[in-house]
Amino acid sequence: MLSFIEEPSVWDRLPGETRPVVLYGMGDGALKILDACRQKGIRVQGIFASDNHARGNEFAGFQVKKLADVEAEFGDFIILLCFAAFREDLLEQLYQIGQRHELLAPDVPVFGEGLFDQAYLDAHSGELETVYHLLADEQSRRVFRNVLNFKISGKPSYLREAETPKSEIYEGILRLSEDEDYYDLGGYDGDTVQEFLAQTGGRFRSITVLEPDEKNFRKLERAAASFPAGDIRLVQAASWDRDGSLPFCGKAGRSSFLGEAGKTLVPVRSVDSLADGKRVSFLKMDVEGAEAETLSGAAETIRRYRPKLAVSAYHRNEDLFRLPLLIHELCPEYRLFLRHQPYIPAWETNLYAVL
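About the criteria used
- Residues numbered from 1 in each chain as written.
- Predicted model: local features only at pLDDT ≥ 70, side-chain atom pairs only at ≥ 80, totals over all residues.
- Heavy atoms only, no water.
- Core = buried A, V, L, I, M, F, W, Y, C linked by side-chain atoms within 4.5 Å.
- Buried < 20%, exposed > 50% of the residue type's maximum accessible area, 1.4 Å probe, protein only.
- Contact = heavy atoms within 4.5 Å.
- Pairing = 2+ DSSP bridges.
- Helix = DSSP H or I, 4+ residues; strand = E, 2+ residues; numbered from the N terminus.
- Phe/Tyr/Trp six-rings, centres within 6.5 Å; stacked < 30°, edge-to-face > 60°.
- Lys NZ or Arg CZ within 6 Å of the ring centre and 35° of its normal.
- Arc of directions from axis to C-beta.
- Axes fitted to C-alpha atoms, helices over the stretch in contact; angles between N-to-C directions.
- Parallel < 35°, antiparallel > 145°, perpendicular 65-115°, else oblique.
- Left-handed = near helix turned anticlockwise from the far one by under 90°.
- Nonpolar A, V, L, I, M, F, W, Y, C, P; charged D, E, K, R; others polar.
- Disulfide = S-S within 2.5 Å.

Student: Got a minute to help me understand the nonpolar core in this structure?
Tutor: The tendency in soluble globular proteins is for nonpolar side chains to be buried as a group. In this structure, Phe144, Leu148, Leu283, Leu309 and Ile327 are the most contacted members of the largest nonpolar core, which totals 74 residues. In this structure Phe144 touches Phe4, Leu128, Val131, Tyr132, Leu135, Leu320 and Leu338, once residues within four positions along its chain are discounted. By size, the runner-up hydrophobic cluster in this structure holds 24 residues, among which are Val21, Leu34, Ala36 and Val44.

Shown next as structure tokens:
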């Protein structure tokens with residue numbers, strides 16, 4: 001067992017809890033948490049939503065109530081948060097609710113199966129320990145400890161204590177220049193390209209952006225009209241470990257993804273194929289669970305050019321150890337950093353690799 005794990009698993013603790021357990025929120029997250037509770041023998045006794053979403057409607061066999069109604073019914077209870085939050089006002093509201101009732105955000109993977117419970121932690125403790133000692137600074141190790149403690153306990157306080165301003169990432173880790181060959185994998189509507197341009201004063205050597213979702217790609221094209229003139233390439237495709245086509249679940253938002261349930265086929269490209277031997281200096285990937293395959297498809301480029309990497313490390317249970325180990329294998333000289341932006345659950349936990 002990892003020595004810095006401070007808490008028992010939420011999935012092991014809740015079956016013996018005497019207080020009522022209620023869910024906050026509806027949608028896919030609530031369905032996943034309900035299913036996990038059934039698997040673990042945890043009895044859920046109600047669901048509530050924000051006042052403007054609770055109109056006596058039903059969800060998963062429960063009448064959706066307001067928080068005040070649940071408080072009147074149960075008094076003291078445990079809340080399981082079932083949606084993601086990143087806006088400052090919403091996060092503050094959640095922390096205030098957490099002062100009145102115990103509020104937990106049980107970790108369920110965005111993609112893939114299984115739970116990050118004690119058994120999973122024990123099975124992968126060796127890999128996690130290895131990654132912990134590969135991290136380049138104390139802040140990265142602190143984020144790693146806190147994210148793991150959050151994933152086990154569901155306590156949002158661990159995430160709040162591990163937050164880092166985005167400015168620190170750009171100024172202290174990535175240190176972008178005006179001569180970047182930037183690859184943005186998962187370009188959405190161009191927002192991360194705009195963020196990149198803001199850091200470089202609008203100067204760059206080249207920009208390549210991949211976005212597979214058709215509606216998102218149209219937004220990206222419109223946004224690109226305001227980009228500075230230069231070598232900019234927009235590619236309507238998903239990133240993968242090779243070129244081809246794969247089923248795709250398009251949701252016209254950030255949550256579109258490659259998957260067998262997809263009803264349409266989209267082109268997939270590898271970075272090595274796209275770059276075709278040319279320089280890449282900064283590679284950003286937020287590719288909805290396809291990060292490992294994308295890294296494999298960029299192996300030649302990474303070994304040759306050692307670009308700065310910014311990689312999402314939160315879509316799958318294994319991302320916290322599999323992705324850093326893969327990057328280390330591709331280029332042992334990289335220094336690895338982990339940072340977490342304000343978010344509940346542990347989304348926007350990102351891995352950075354630089355020389």
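Student: I tried to follow the sheet that holds strand E6 (residues 102-104) on my own but got confused; where do I start?
Tutor: The pairing of strands in a sheet comes from backbone hydrogen bonds and takes either a parallel or an antiparallel form. Across the sheet, which stays open at both edges, the six strands sit in the order E3-E4-E2-E1-E5-E6 with mixed pairing between neighbours. Strands with a single pairing partner mark the edges of an open sheet, and in this sheet they are strand E3 (58-59) and E6. Two strands pair when backbone bridges link them, and strand E1 (residues 21-24) and strand E2 (residues 44-48) are joined in this way by four bridges, in the parallel orientation. Its bridge partner being in E2, Val22 is matched across the sheet by Gly46.

Student: It is not clear to me how the packing of aromatic side chains should be interpreted in this structure. Could you clarify?
Tutor: Ring pairs (aromatic) are described by centroid distance and by the angle formed between their planes. Scanning the entire structure with this criterion turns up twelve aromatic pairs. Both rings, one in Phe4 and one in Tyr132, keep their centres 4.7 Å apart while their planes meet at 35°; by these two values the pair is tilted. In this pair, Phe4 is assigned in the segment before helix H1 (10-13) and Tyr132 in helix H6 (residues 125-134), connecting sequence segments 128 residues apart. As far as the burial class goes, Phe4 and Tyr132 line up, both buried. Arranged with centres 5.9 Å apart and planes meeting at 40°, the rings of Tyr132 and Phe144 form a pair that is tilted. Linking Tyr132 in helix H6 with Phe144 in helix H7 (residues 138-153), this pair joins segments that are twelve residues apart in sequence. Accessibility expressed as a relative area gives 1% for Phe144, which makes it buried. One cation-aromatic arrangement involves Arg160 over Tyr95; the distance from NZ or CZ to the ring centre is 3.8 Å.

Student: Just checking my understanding: could you explain the side chain of Thr192 for this structure?
Tutor: In this fold, Thr192 is placed in helix H10 (residues 191-200). In this structure, Thr192 is in contact with Tyr182, Asp184, Gly186, Gly187 and Lys284, ignoring residues within four places of it in sequence.

Student: I'm lost on H10 in this one. Help?
Tutor: The α-helix advances 3.6 residues per turn, and as a result positions three or four apart in sequence lie on the same side. What H10 keeps buried is the set Thr192, Val193, Phe196, Leu197 and Thr200. Down the axis of H10, the buried set is contained in an arc of 145°. They therefore lie on one face. Where H10 is buried, its residues touch strand E7 (181-185), strand E8 (206-210) and strand E14 (282-285). Phi turns positive, to about 65°, at Gly201, one or two residues after H10.

Student: Help me understand the packing of H6 against H7 in this model?
Tutor: The description of two helices packed together rests on the angle between their axes and the distance between the axes. H7 packs onto H6 with a crossing angle of 150° between their chain directions and a minimal axis gap of 9 Å. Our classification of the angle between H6 and H7 gives roughly antiparallel. As for how H6 packs across H7, the hand of that crossing is right-handed. Contact with H6, carried on its side by Leu128, Val131 and Tyr132, involves Arg141, Phe144, Arg145 and Leu148 of H7 and no other residues of that element. Of the residues in the contact of H6 with H7, the class split is five nonpolar, no polar and two charged.

Student: Sorry, what's going on with the sheet that holds strand E15 (residues 308-312) here?
Tutor: With respect to topology, seven strands assemble into an open sheet ordered E9-E8-E7-E14-E15-E17-E16, the strand pairing being mixed. Every interior strand has two partners, whereas the edge strands, strand E9 (232-235) and strand E16 (335-340), have only one. In this sheet, neighbouring strand axes are inclined to one another by 10° on average, regardless of whether the strands run parallel or antiparallel. As paired elements, E14 and E15 share four bridges and run parallel to each other. Looking across to E15, one finds that Met285 is bridged to Val311. Against the sheet, helix H9 (residues 166-174) touches E14, E15, E16 and strand E17 (349-354), its axis set at about 20° to E17. On the sheet, H10 packs against E7, E8 and E14 and is oriented at approximately 155° with respect to E7.

Student: What should I look at first to understand unusual backbone geometry in this one?
Tutor: Cis geometry is adopted by the peptide bond preceding Pro345, which originates at Ile344 and carries an omega value of 5°. Position of Pro345 relative to the elements: it lies in the loop between E16 and E17. Phi is positive for Asp276, which is not a glycine, with a value near 50°.

Student: Could you clarify how one ought to interpret the state of the cysteines in this entry?
Tutor: Cysteine pairs can be covalently joined through their sulfur atoms, and such a bond is termed a disulfide. Considering all chains together, one arrives at zero disulfides under this definition. With no disulfide of its own, Cys37 lies closest to Cys82 among cysteine sulfurs, the gap being 7.8 Å.

Distances and angles like these do not, on their own, reveal function.
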